[in-house]
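Geometric and topological summary
Below are the chains, spelled out letter by letter.
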Amino acid sequence: TILIIGACGQIGTELTQKLREIYGNQQVIASDIREGNDEMKRSGPFEILDATDKEGILKTVQKHQVTQVYLMAAMLSATAEQHPQKAWELNMNSLLAVLELAKEKHIKQVYWPSSIAAFGPTSPKVQTPQKTIMEPSTVYGISKLAGEHWCNYYHEKFGVDVRSLRYPGIISWKTKPGGGTTDYAVDIYFKALEEQKYECFLTEETRLPMMYMQDAIAATIQIMQADAEKIKNRTSYNLAAMSFTPKEIAAAIQKEIPEFTISYKADFRQQIADSWPQIIDDSDARNDWGWQQHFDLDAMTKDMLKNLS
Ligand code: VAH
């Protein structure tokens, strides 16, 4: 069976739904430190689980004969800047616990998300290569870069089949994200419908790599289903779909809601965003295991506004 750790998060929620559609409800165990929502608990097995508790994870793995683990629990960039030690402990101890269980052969395959946050201000900003300078200046980015090298180490040294994607900002409507810098691009749709206006915490020209949730979920399942020999990067794969600025997403919304207006008031998250790439080169993912995005800004905007209204 498949275990999702952090199933109540922004990505975990939709990953649980999709994996249950594909493999069957009883084959996918959802777990989180928080109580699951009714739909998640009604559609399949749910466990309360602390992502950093190795013994607790092992008990759940043994109870449900888990063979694959998707580790989606983490503290994101903005919150991590406010609680550095907690962020490091959660993001690293959870990964090391799962990698150890895989090394001890309790689980066969691991998925762990990295992020474009693993790049830093000295990384090339346009067409950021798969392999390049990586000097992250945020706690979250430091934890993601360190995690990538732990994944590669456990693969090289112990043959652990762990796979990873450097997610861009992810936009969705089903579960609100918590504590991300790219989350302005989620909030803007809710506010466009509720108030026809949005005050953005980034400046209008801040260009960031972004992706619609459906594409992120598809890429996650696709890399996990790919033949092992196709996975050439065992740190983490660059992954991209689009890049836009607050000005551009506002214009896309105005095509659907003409009266929508945007204003700008940058806060501490501006320097986090300024340390990240603008446009990612994800040709390795496309060449190695056939990645291809499906949603561009207009298609995503239409789908977001349709589902939210
Ligand atoms: C964040 N959504 O903002 C996450 C992601 C690239 C951004 O890592 O922290």
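Per an unreviewed UniProt entry, the chain carries the name L-threonine 3-dehydrogenase and comes from Polaribacter pacificus. Under the UniProt heading Sequence similarities (unreviewed entry), the entry covering the chain gives this text: "Belongs to the NAD(P)-dependent epimerase/dehydratase family."

This brings us to the pairing of strand β2 (residues 28-32). The buried fraction of β2 amounts to five of the five residues, a majority that puts the element mostly inside the structure. Judged by which residues are buried, β2 turns out to be covered on both faces: V28, A30 and D32 on one side and I29 and S31 on the other are all buried. Pairing between strand β1 (residues 2-5) and β2: four bridges, direction parallel. Residue pairing for β2: I5 is matched across the bridge by S31. Following the chain from β2 across helix α2 (residues 38-43) to the adjacent parallel strand β3 (residues 46-48), one finds a crossover that is right-handed.

Moving on, we come to the site of the ligand. Every residue close to the ligand is listed here: L76, S77, S115, I116, Y140, Y167, P168, G169, G180, T181, T182 and W276. The separation between an oxygen atom of the ligand and a polar side-chain atom of S77 is 2.6 Å. In the environment of the ligand, an oxygen atom lies 2.8 Å from a nitrogen or oxygen atom belonging to the side chain of S115. For the shell around the ligand, the class distribution of residues is six nonpolar, six polar and no charged.

Okay, the pattern of salt bridges next. Tallied over the full model, the rule gives 19 salt bridges. Across the pair D161 and R234 runs a salt bridge, and its minimum N-O distance is 2.7 Å. You can see D161 sitting in strand β8 (residues 161-163) and its partner R234 sitting in the loop between α8 (213-225) and β13 (237-238), a full 73 residues away along the chain. On the basis of relative accessibility, which here comes to 16%, the residue D161 falls in the buried class. Counted as one network, the salt bridges with shared partners bring together D161, R163 and R234.

Another point: the nonpolar core. Formed by 44 residues in total, the largest nonpolar core has its most connected members in I171, Y184, Y189, F244, I249 and M300. For this core, the elements supplying multiple residues, two or more each, are α6 (139-158), α7 (184-195), β11 (197-200), β12 (208-212), β14 (242-244), α9 (246-256), α10 (269-274) and α12 (297-308). With seven residues, the top contributor of residues to this core is α7. If sequence neighbours within four positions are ignored, I249 has contacts with Y184, A185, I188, Y189, F244 and L297. Formed by 33 residues, the second largest nonpolar core is a distinct cluster that contains I2, C8, F46 and I223.

In this structure, the largest pocket encloses a volume near 800 Å³. Of the residues forming the lining of the largest pocket, the biggest block, three residues, is contributed by helix α1 (residues 10-23). Taken together, the residues that form the lining of the largest pocket break down as 20 nonpolar, 15 polar and six charged. Looking at the second largest pocket, its volume works out to about 210 Å³. The wall of the second largest pocket is formed by E14, Q17, K18, E21, W173, K174, M213, Q214, I217, A218, D303 and N307. A per-class count over the lining of the second largest pocket returns four nonpolar, three polar and five charged.

Reading guide: rules and limits
- Residues numbered from 1 in each chain as written.
- Predicted model: local features only at pLDDT ≥ 70, side-chain atom pairs only at ≥ 80, totals over all residues.
- Heavy atoms only, no water.
- UniProt positions renumbered as here; feature names shortened; annotations may be inferred.
- Buried < 20%, exposed > 50% of the residue type's maximum accessible area, 1.4 Å probe, protein only.
- Helix = DSSP H or I, 4+ residues; strand = E, 2+ residues; numbered from the N terminus.
- Pairing = 2+ DSSP bridges.
- Right-handed = clockwise from strand over helix to strand, strands pointing away.
- Near = heavy atom within 4 Å.
- Polar contact = N/O pair within 3.5 Å; in protein donor to acceptor, adjacent residues only side chain to side chain.
- Nonpolar A, V, L, I, M, F, W, Y, C, P; charged D, E, K, R; others polar.
- Salt bridge = Lys/Arg side-chain N within 4 Å of Asp/Glu carboxyl O.
- Core = buried A, V, L, I, M, F, W, Y, C linked by side-chain atoms within 4.5 Å.
- Contact = heavy atoms within 4.5 Å.
- 1 Å grid on protein atoms, 1.4 Å probe; cavity = no way out; pocket = protein on both sides within 12 Å on 5 of 7 lines; lining within 4 Å.
- Points joined across faces, edges and corners; volume = space filled by probe spheres on them.

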